[in-house]
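Read off the chains here:
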Amino acid sequence: MAESPLNDAREFHFTAQDFERIRKLIHDRAGISLSPAKQDMVYSRLARRLRATRIPTFNEYLARLERGDNVEMEAFTNSLTTNLTSFFREQHHFPLLAEHVKKVGRHHPISLWCSASSTGEEPYSMAMTMVDLFGTFTPPVHILATDLDTTVLQKAQEGVYPLERLEKMPEEMVKKFFLKGTGKQEGQARVRQELRDLITFRQINLLDESWPMRGPFDAIFCRNVMIYFDKKTQYDVLKKFVPLLHKDGLLFAGHSESFYHAADLFRSQGKTVYELSPQAKHIAAHG
């Protein structure tokens, strides 16, 4: 049966079969479940890769990925991962994080993991929360910030943002935590070095069989990531979180995510914050 193009007017021939191959590749690589409604988005983002690599057809481009071109696979993945974020997004989580750390922080240095850090706004928001909580730029806190996308991780490490990204933050907070650029850097702001020193950025694929860190973490932020995974993949990732959390640790999820299908692992505290289930606490306590 002949392949059917999805839109004859496009620069590159793009068929339903091409889209199915892309769906399989990104699911195997990143756990992302692309719906048919995403076809136009997928075409638009990957057409840039065809131009950049000077590969004339989707068929040839996908064959290159399927042969195991790791460099282009990284660019392919970066193109299809969504990195919508902002400072203090889902603001209600940060007072809850501070409250939790205040409760547990008397006993040991605090360890936090932001598992989908994107361009860095989330881990820096966590760091600002910790500085304010402890009243010092050198709190007993370490934040691991990870992402699959190497491009956004580089931006996160640089910690430089357009001033409009800070507009929703109180002016006194901007003055406390950012240095505004001058001259060629006008219109930009850099996160203060003391905040950057609290964070380690690393590339991690949540779908990897094992992760290089040991934990235990007092809290894990995994917000607005699971919505791209099917239920089985969600469960597999959640299961791997369990031994990495302190037995009293918290998992922060996105506002549109719920983990009722993993009730044996996590129990809701409300406001998209989860604690370990009783049986999972036993696993966490005994490694």
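To be clear, the structure that these remarks concern was listed above.
Undergrad: Would you mind showing me how to read the pattern of salt bridges here?
TA: Pairing between side chains of opposite charge can happen when their charged atoms approach one another. Within this structure, the stated rule accounts for 17 salt bridges. Measuring nitrogen to oxygen at the nearest pair gives 3.6 Å for the salt bridge that ties E171 to K180. Given a relative accessible area of 40%, E171 falls into the partly exposed group. Note on K180: relative accessible area 48%, which makes it partly exposed. Where R267 meets E275, a salt bridge forms, and the shortest distance between an N and an O atom there is 3.1 Å. On the accessibility criterion, E275 (16% relative accessible area) is buried. Connected through shared salt-bridge partners, K247, D248, R267, E275 and K281 make up one network.

Undergrad: Help me understand the packing of helix α5 (residues 93–104) against helix α6 (residues 121–134) in this model?
TA: Packed helix pairs are characterised by how far apart their axes lie and by the angle those axes make with each other. Contact geometry of α5 with α6 gives a least axis separation of 10 Å together with a crossing angle of 50°. By the angle between their directions, the pair α5 and α6 is classed as oblique. For α5 against α6, the interelement crossing comes out right-handed. Between α5 and α6, the contacting residues are F94, L97, A98, V101 and K102 on the first element and E122, S125, M126, T129, M130, L133 and F134 on the second. Here the contact of α5 with α6 is composed, by residue class, of eight nonpolar, two polar and two charged.

What counts, and at which threshold
Residues numbered from 1 in each chain as written. Predicted model: local features only at pLDDT ≥ 70, side-chain atom pairs only at ≥ 80, totals over all residues. Heavy atoms only, no water. Salt bridge = Lys/Arg side-chain N within 4 Å of Asp/Glu carboxyl O. Buried < 20%, exposed > 50% of the residue type's maximum accessible area, 1.4 Å probe, protein only. Axes fitted to C-alpha atoms, helices over the stretch in contact; angles between N-to-C directions. Helix = DSSP H or I, 4+ residues; strand = E, 2+ residues; numbered from the N terminus. Parallel < 35°, antiparallel > 145°, perpendicular 65-115°, else oblique. Left-handed = near helix turned anticlockwise from the far one by under 90°. Contact = heavy atoms within 4.5 Å. Nonpolar A, V, L, I, M, F, W, Y, C, P; charged D, E, K, R; others polar.

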